[in-house]
Structures are given as structure tokens and as C-alpha cells.
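# Fold and geometry: a report
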There are 2 protein chains.
Amino acid sequence: MIDERMYQLGSEPNAIRALFAYGLARKAEIGAEKVFDFSLGNPSIPAPGAVREAVLDLMADPAGTVHGYTPAQGDLGVRSTLAESINRRFGMEAQATNLYLTAGAAASLSISLRALASPGSEFIVVAPYFPEYRVWIEEAGCVCVEVPARKSDFQLDLAAIEAAVNNQTKGVIINSPNNPVGVVYPADSLRGLAEVLQAKQRLYGHAITVICDEPYREIVYDGLDVPYLPALYDNSIVCYSYSKSLSLPGERIGYIYVSERMDEADRVYTAVCGAGRALGFVCAPALFQQVIKRCVDTPADVGAYALNRAALTSGLAALGFEFIEPQGAFYLWVKALEPSAEAFAERAKAHELLLVPSTSFGCDGWVRIGYCVSPETIKASMPAFAALAAEYRKA
Amino acid sequence: MIDERMYQLGSEPNAIRALFAYGLARKAEIGAEKVFDFSLGNPSIPAPGAVREAVLDLMADPAGTVHGYTPAQGDLGVRSTLAESINRRFGMEAQATNLYLTAGAAASLSISLRALASPGSEFIVVAPYFPEYRVWIEEAGCVCVEVPARKSDFQLDLAAIEAAVNNQTKGVIINSPNNPVGVVYPADSLRGLAEVLQAKQRLYGHAITVICDEPYREIVYDGLDVPYLPALYDNSIVCYSYSKSLSLPGERIGYIYVSERMDEADRVYTAVCGAGRALGFVCAPALFQQVIKRCVDTPADVGAYALNRAALTSGLAALGFEFIEPQGAFYLWVKALEPSAEAFAERAKAHELLLVPSTSFGCDGWVRIGYCVSPETIKASMPAFAALAAEYRKA
């Protein structure tokens, strides 16, 4: 009676959501302060005051036209403002007609993949990777090809990517700052990626598109620069979201930027419009379209996450844990104390520590700690981490 | 480089949107008051005051948690409130676990179709019909089968539906109050439909689901009752939206109700969850989830549309136009004054009357007039309708 693949996707929610649900139940059972839930990427800091001011100001319009349909691509004035911001920040020549507003990064990705897809073509993802990439790639009728990141530092392994590209390769998804690892890919690495893909485009005689998944662009530490791939590689599409930078994950607002430098940029943009239509997205939520226009230059509140990062990394380093120092996003990638990430995460659970095993992201031996939590949670969790480490020392 | 079908969908926006875009350009050219734009279904009345009150109240929460992720199915409290409302109004036994909040009716339909689809299976639509039905049915890998409504009154032609059902039939989309015609299907007609489908289910040994597309449920005239199909036929899914009833089309908020009486209701619901995930819908917009909870009993402002209906129908009747008296929604279905709807709509355009030709809805010889406009537009348009009619009398 139903589509079995849809049933499978519905009955096996991703491991992150499942752990989050376990955490909610466990908190109800033993008290919220006793469960150290590091499972989700739900920003712990509230949306900046500028968001509230924008909403209140927009709601003051007695005509209430702010709730009306916008064009499917999004309000023209909003898109113009975003294009100007991209040009000012990254030296591009974007116009409103290169931007398509979406219901967040998930919609940006599913629409972009559907627009580019041809049955059986391949998209490369760099493992560890956000597990929904595979779902959307397969829903678009394509093959998800996992290429491991470098073992030492989880940076791009250009030789491995080069070896994975073939005549079927339609694109590569790049996520920097990276979820789950927290690394930022430096400019020389992205330049190297551009060279590899340019050579492959010449070899196979067709475009290979890089889809840049960038919800964490504004969440970086120590003033680090996140290079803008469309400035380095022409065939780039940026999938952006305000979920993390403005703490609006539930409002579903973001955009697709089809670089004006792409081969057949206008045709790609048109296919993006068609894919949004086919998947049932009518327009991005109208009120929040106007909110992001007004908040286009509102900085993300990185300070709170920087404090959490410092507390967590110093605490875990003192306990002897190995991890990748995060340069961006709000995740800490910690080496499991045994080969199996799932076994380790299970033992952590016994200490009320909810850590996502790396198998959810396509590799073994690590866990992800989402530190978009309260500072109190981090502080209170340290004895649990200590007990967990002690347990392994005894063994 | 791109998916050709997505390119086609993007480059040929539906005729309604194209006419709307023409209208915007024409208004800029000759002045807004000189163009009589009846193209879109964008509610002309603002959202009720209760919506603004709800938004302001929700924004007053200093924690700002209202913008966070909700479960993919939607906030549990919101779903419980909606289930109670359905039970109170229609005598069902819905629970929160039968409801899945969506980004509006388009998302409700595309997700439901994707959940039920199997490659090559068929969905029946009653022509004239909302043209995006075909887009979503085909995107789900299925075949769109058009069954004409009764010629005399555009009610359901049960014999024609019966003849169209075969072993491949997965479902039927029913839209009442109807866009574009404005009719409401009475209980005896829906009972007849239920009997036809029950017999076919027995014959073929599998479920045939009715998808009830109900964005216009609250927009009815003269106190007419709109029968609730799930109370008459077990295998029913309701796709609802607050776009029209609360004048919130741009905010994208609605729901899917998988009737608890369906065969394998739990499995269907799980497949709906999977389809939402696969298409890239993470959760319905969070702020407006809470808004609809608070506005669940807010009545739609039908009065303004009723006045428009009276002005339009009396004006056009006096000019000798034939039309179907609308019982609901805010569309008037008018007989073209020549066999070709498109030729008629083109001649109307010369009088600055923007009417959607019925060919967009899968039949010829009629036009749709969307009267969700200002009363002034209707009044000012009458000389143009008179001139159009006179032109045909002369010919």
C-alpha cells in the first residue's frame, strides 16, 4: 500500500534524532540536569535581538501583506540584498536572479541535487558526513560515493577524491566548517580541489558541480577565514541556512546561490526552480524572508560557543581524551576509547553522556559531541567523562 | 548538466503564475488601478487579529525557544490540539500520532503522494483540477489519470470515476470546495464515491486512498456544510493548509491527517514521515506551528469573499455571462464566449482582464476568475467585462 523505501526512512530516523529522543525520555525519568545531552545541533543561544525587532516591526504593518505568497524564488528585494551581501563579502557578481530562497539547508540540498540529477549519476561526499546527504542523493535517483577524509586531521584527501571521480560524477558535496568534525578547509586545499575537478571536467567533457553546504559559515573561532569556494571554482552552488547563524533552525529559512560563473548558470537556476516546484516547495516562509533581509549583517553570537569549546576541550584534554581541535561549527570530534564507536557510545550512555557514534557519519572509532548546550551542562558532565575514561583505564 | 524535466518545470511556470507575472508588469506600465488581475488565489483579506496577537505573544518569550527545531512530525502539543479539533468537528478519533505538520498544502500533497507511490501506479484527478497535482504525481513516479467532472454542473461523475479505476489505481485526489470551479461535493455524492471505491478495493484486493485536498474547507457560503470524507470512507488522507482560512499563504503551514481508520494506518503514517525526510522537509515552520495552535478555532473571514461573490455574479449575470454559482472557495468558473478558452482569455487581456483559461486545469471552454481581490477591483472591472461581451455580440 505504501512505498517501502519511504517506510524504511520513516521507521529508522537517523541516529542523531533517535539519541535525542532517548535523551528526552531519560530526562523525564531521572531529571534534566542529570542527563548530558550532546546529541543535537540545536543552537543553545537564542536568536539575536535584531530578529525579534524585525518580526515585531514587520507585524506592525496593518495590511498584513507580509504573510502573502512571494514568487517561488523568493521576494525580489530580499534576493537583491543577499546578492549584494555576497558580492561585498566574497567579491562575486551575484544578482537576485542567481538566488533562490529555501526552507533551510535541507531544502537547499534536496532541491539542488534534484536539479542536477540524472539517473545513475554519482555525487561524492567526504566521510564522515551528515547522514541525510545519502538520503537526498538517493531520492534524486543518484549514487552516493563516500570518500574518506585524511585519517590524521580529517582534512580533504585530494588524491582520494581524484581517484573517485569518474565519467558518472555529477558533483561533490563540501561542508566547511564541517559537521561532524569541526574543521575548516583552508584555501590551498580548496584550490587543489578546484584543480583536480577542472582537470576531470576537461577529461570527461562535462561539468562537475561542487555543492557547498554552509550552514556553519559564520560559526568560526579565533577570527579564522572560511574561503569562499565560488571564488575559486566556477561550477559552484552554495546551500546556505540561517538555522545556526541566527539560531532559527525551526523557522526553515535559507537559500541556494547558483554562481553566475557556472557553465549554463541560467539553465541550472531554472532547473533549481523546477526542482523546488516538483518537490512541493511553494516559497520560503514569507515573514522570515523579510527577517533575514533586515538581519543580513547581524553577526552570529560565536562568543558563547567559543567559551563552550574552551571548557570542553580543556576538560577532556585533562582527562586524556584525543580529539580534533574545532575551528568552526559547534561539534567536537573525539576518539572513542575502543575501536567500536557504537560500543563506546553505549558505555558513555551508562554515564548519562549522549554522544553520537561516528558510524552515523560513515566512519568508525569516533564520537561527535555537540557543544551547542549550556555552559552548565559542560561543567556538570566532566565527572561523567572522568568516570568513563577511568572505566577504560581499569579494563 | 541538469535534469531536463526539472528544467522544463522551471522554464514553464504554470499559467496562473505566468499571468500573475504579466499582471505585475502591466500594472507597472499603465497603473495598478487599470489592470483587473483575477489570476491568483492570494487572499485579499489580511490575517485575522488573532494571528498577530499569537505572534506577538510568542515573540515575548525571552528564551526564544519558539524558533528551535521541532520533531519532524511537528510539535506534539500542536498536533494534540489539532487532533482534538478534528474529533470535535467531525466525530473522528484522531490522535497526535495521526497528524504530520507540513509547509502547506503543496507539501502535504507531494509528501502524501510520495509516501503512497509505487512506480507506474495511478492517481485519479477530477478535471478541471489544480495543475500542480500532475507535477507531484509524476514526480512520485506515478501516472496522472484525468477523469472529467459532470459537464452540467462540474460535480463528481461517479460512473466515469468507476470506469477509470483499475488494478494500478493507488488513489484519487478530491478537492472540495473545489479550485477552480467553486463547487462543494454533497454527502450523497461522496457516499457514492465511497461505495464505488469500496467495491473496487474488494475487487482488486488492495487499498485505494482518497487524498482530500482541503485548503478551502472554511471558505463556504450560505452556511453550507462541507462533508468530511474520512467520516465516510476509511482509506482517507486529509491535506490541509492555513493559507486561505487564516490568510497565511506565504508562511507555509498546514498538515497531513492520516485517518486512524485507514488500513495499516501506522505504516502509512511512517511512510509519510519518511517521504517528508526524503524530500528535504525538516519540520514545518516552528513559530507558525504555535500560531495555528492558538488560532485553531479562529473563524475564516468569509464575509468579504461573500460580498465579492455577490457583486461579481450579479454583475456578470446582468451582462449575460454563464457561470457556475460558487458554493465555496473564491473562484468563479465562467463560460468562455468562444470555444477556445485561451483565445477568449487573450481577448479579455486586451481589456486588461486577467482570467485564467480552463486549459490550465485540464478542460477547455471556460475561464477562472479569482475574486479574492478588493471590492473596488470587481466594481471597476465591470465596464471591461461589458466591453468584452459587446465585442462578441458584434462578431
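Here is a short report on the structure shown in this document. Worth saying up front: this structure is predicted, and the values here are computed from it rather than measured.

### Focus on the packing of aromatic side chains
- This structure, assessed with the given rule, holds 37 aromatic pairs over all chains.
- Plain terms: the ring middles of Phe281 of chain A and Phe281 of chain B are 4.2 Å apart, the flat faces sit at 25 degrees to each other, and that makes the pair stacked. One end of the pair, Phe281 of chain A, is in the loop between helix 9 (265-279) and helix 10 (286-294); the other, Phe281 of chain B, is in the loop between helix 9 (265-279) and helix 10 (286-294), on a second chain.
- Using a relative accessible area of 9% as the deciding quantity, one classes Phe281 of chain B as buried.
- Taken together, Tyr129, Phe130, Tyr133 and Trp136 of chain A form an aromatic cluster joined through their ring pairs.
- In this arrangement the basic side chain of Arg347 of chain A is found over the ring face of Tyr392 of chain A, its NZ or CZ atom lying 4.3 Å from the centre.

### Let's talk about the interface of chain A and chain B
- Chain A puts 76 residues into the contact, and the matching count from chain B is 77 residues.
- Carbon and sulfur atoms make up 58% of the area that chain A and chain B hide from each other, which totals about 6100 Å².
- Considering only the side of chain A, the residues that lose the most area to chain B are Met1, Tyr69 and Arg277 of chain A, jointly responsible for 16% of the buried surface there.
- Seen at the junction of chain A and chain B, the total is eight salt bridges.
- Two residues, Arg114 of chain A and Asp3 of chain B, come together in a salt bridge whose shortest N-O distance is 3.2 Å.
- Seen at the junction of chain A and chain B, the total is 39 residue pairs in polar contact (both at pLDDT 80 or more).
- Taken together, the elements giving at least two residues each to the side of chain A that touches chain B come down to helix 1 (4-11), helix 3 (49-59), helix 5 (104-116), helix 6 (132-139), helix 9 and helix 10 of chain A.
- Ranked by the residues each element gives to the side of chain A that touches chain B, the list is headed by helix 9 of chain A, at ten residues.

### So, the sheet that holds strand 13 (residues 366-370) of chain A
Residues and elements named next belong to chain A.
- Taken together, four strands build an open sheet; the order of strands is 9-10-13-12 and the sheet is antiparallel. For this open sheet the edge positions go to strand 9 (323-324) and strand 12 (356-357), each flanked by a neighbour on one side alone.
- Pairing of strand 9 with strand 10 (residues 331-335), which is carried by two bridges, proceeds in the antiparallel orientation. Counterpart to Phe323 in the pairing with strand 10 is Val334.

### Some details on the sheet that holds strand 12 (residues 356-357) of chain B
Residues and elements named next belong to chain B.
- Spatially, four strands are ordered 9-10-13-12 in an open sheet, and the strand pairing comes out antiparallel. The open sheet is flanked by strand 9 (323-324) and strand 12, the only strands paired with a single partner.
- The pairing of strand 12 with strand 13 (residues 366-370) spans two bridges and is classified as antiparallel. Bridge pairing in strand 13 links Pro357 to Val367.
- The strands that helix 11 (residues 302-318) touches are strand 9, strand 10 (331-335) and strand 13; relative to strand 10, the one it contacts most, it runs at about 10 degrees.

### So, the relation of the copies chain A and chain B
- Each copy of the sequence occupies a distinct position, and chain A is placed on chain B by a rotation of 180 degrees and an axial shift of 0.0 Å, giving an RMSD of 0.0 Å. Such a turn and shift between the copies fits a two-fold axis. The position closest to the rotation axis in chain A is occupied by the C-alpha of Leu279 of chain A, lying 3.2 Å away.
- Both copies contact each other with a shared surface, as 100% of the interface residues of chain A are interface residues in chain B too.

### What to know about the environment of Asp364 of chain B
All names here are of chain B.
- Here Asp364 is to be found in the loop between strand 12 and strand 13.
- Sequence separation of Asp364 and Glu342 is 22 residues, and the distance between their C-alpha atoms is 8.3 Å.
- Discounting residues that sit within four places of it in the chain, Asp364 has contacts with Pro339, Ser340, Ala341, Ser358 and Thr359.
- At a separation of 2.9 Å, a polar atom in the side chain of Asp364 contacts the main-chain amide nitrogen of Ala341.

### With respect to the side chain of Glu352 of chain B
All names here are of chain B.
- If you trace the backbone, Glu352 turns up in the loop between helix 12 (341-349) and strand 11 (353-354).
- Here Arg26 takes part through its side chain, which lies 2.6 Å from a polar atom of the side chain of Glu352.
- Discounting residues that sit within four places of it in the chain, Glu352 has contacts with Arg26, Ile30, Lys34, Val35 and Phe36.

### A few points about the pattern of salt bridges
- As enumerated under the stated definition, the model contains 42 salt bridges over all chains in all.
- Put simply, Lys349 of chain A and Glu346 of chain A hold a salt bridge, and the shortest N to O gap is 3.3 Å. Highlighted residues: Lys349 of chain A and Glu346 of chain A, both in helix 12 (residues 341-350), separated by three residues, approximately one helical turn.
- The network of salt bridges with common partners includes Asp3, Arg5 and Glu139 of chain A together with Arg114 of chain B.

### Details of the side chain of Thr270 of chain A
- Mapped onto the secondary structure, Thr270 of chain A falls in helix 9.
- Assessed through its relative accessible area of 17%, Thr270 of chain A is described here as buried.
- Not counting residues up to four positions away in its chain, the partners in contact with Thr270 of chain A are Met6, Tyr7, Gly10 and Ser11 of chain B.

### Quick look at helix 11 of chain B
Residues and elements named next belong to chain B.
- An ideal rise of 1.5 Å per residue puts 24 Å on 17 residues; helix 11 measures up with 24 Å between its terminal C-alpha atoms.
- All of the buried residues in helix 11 are Val302, Tyr305, Asn308, Arg309, Leu312, Thr313, Gly315 and Leu316. Here the buried residues of helix 11 occupy an arc of 165 degrees about the axis, which is enough to place them on one side. Exposed and oriented more than 90 degrees from the buried face of helix 11 are Leu307 and Ala318.
- Looking at the buried positions of helix 11, the neighbouring elements they touch are strand 9, strand 10, strand 13 and helix 13 (375-394).
- A positive backbone phi angle near 90 degrees is found at Gly320, which sits one or two residues after helix 11.

### Some thoughts on helix 5 of chain A
- For helix 5 of chain A, with 13 residues, the first-to-last C-alpha span of 19 Å sits near the 18 Å given by 1.5 Å per residue.
- Most of helix 5 of chain A is tucked away: 13 of the 13 residues are buried.

### With respect to the pairing of strand 4 (residues 143-148) of chain B
All names here are of chain B.
- Sheet topology places strand 3 (residues 122-127) next to strand 4; six bridges connect them, and they run parallel. Within strand 4, the position partnered with Ala127 by the bridge is Pro148.
- Crossover connection from strand 3 via helix 6 (residues 132-139) to parallel strand 4: handedness right-handed.

Calculation notes
- Residues numbered from 1 in each chain as written.
- Chains lettered and ligands numbered in written order.
- Predicted model: local features only at pLDDT ≥ 70, side-chain atom pairs only at ≥ 80, totals over all residues.
- Heavy atoms only, no water.
- Phe/Tyr/Trp six-rings, centres within 6.5 Å; stacked < 30°, edge-to-face > 60°.
- Helix = DSSP H or I, 4+ residues; strand = E, 2+ residues; numbered from the N terminus.
- Buried < 20%, exposed > 50% of the residue type's maximum accessible area, 1.4 Å probe, protein only.
- Lys NZ or Arg CZ within 6 Å of the ring centre and 35° of its normal.
- Contact = heavy atoms within 4.5 Å.
- Buried area = accessible area lost by both parts, 1.4 Å probe.
- Salt bridge = Lys/Arg side-chain N within 4 Å of Asp/Glu carboxyl O.
- Polar contact = N/O pair within 3.5 Å; in protein donor to acceptor, adjacent residues only side chain to side chain.
- Pairing = 2+ DSSP bridges.
- Axes fitted to C-alpha atoms, helices over the stretch in contact; angles between N-to-C directions.
- Least-squares fit on C-alpha atoms with pLDDT ≥ 70 in both.
- Expected span 1.5 Å × (residues − 1).
- Arc of directions from axis to C-beta.
- Right-handed = clockwise from strand over helix to strand, strands pointing away.

Geometric values such as these leave the question of function open.
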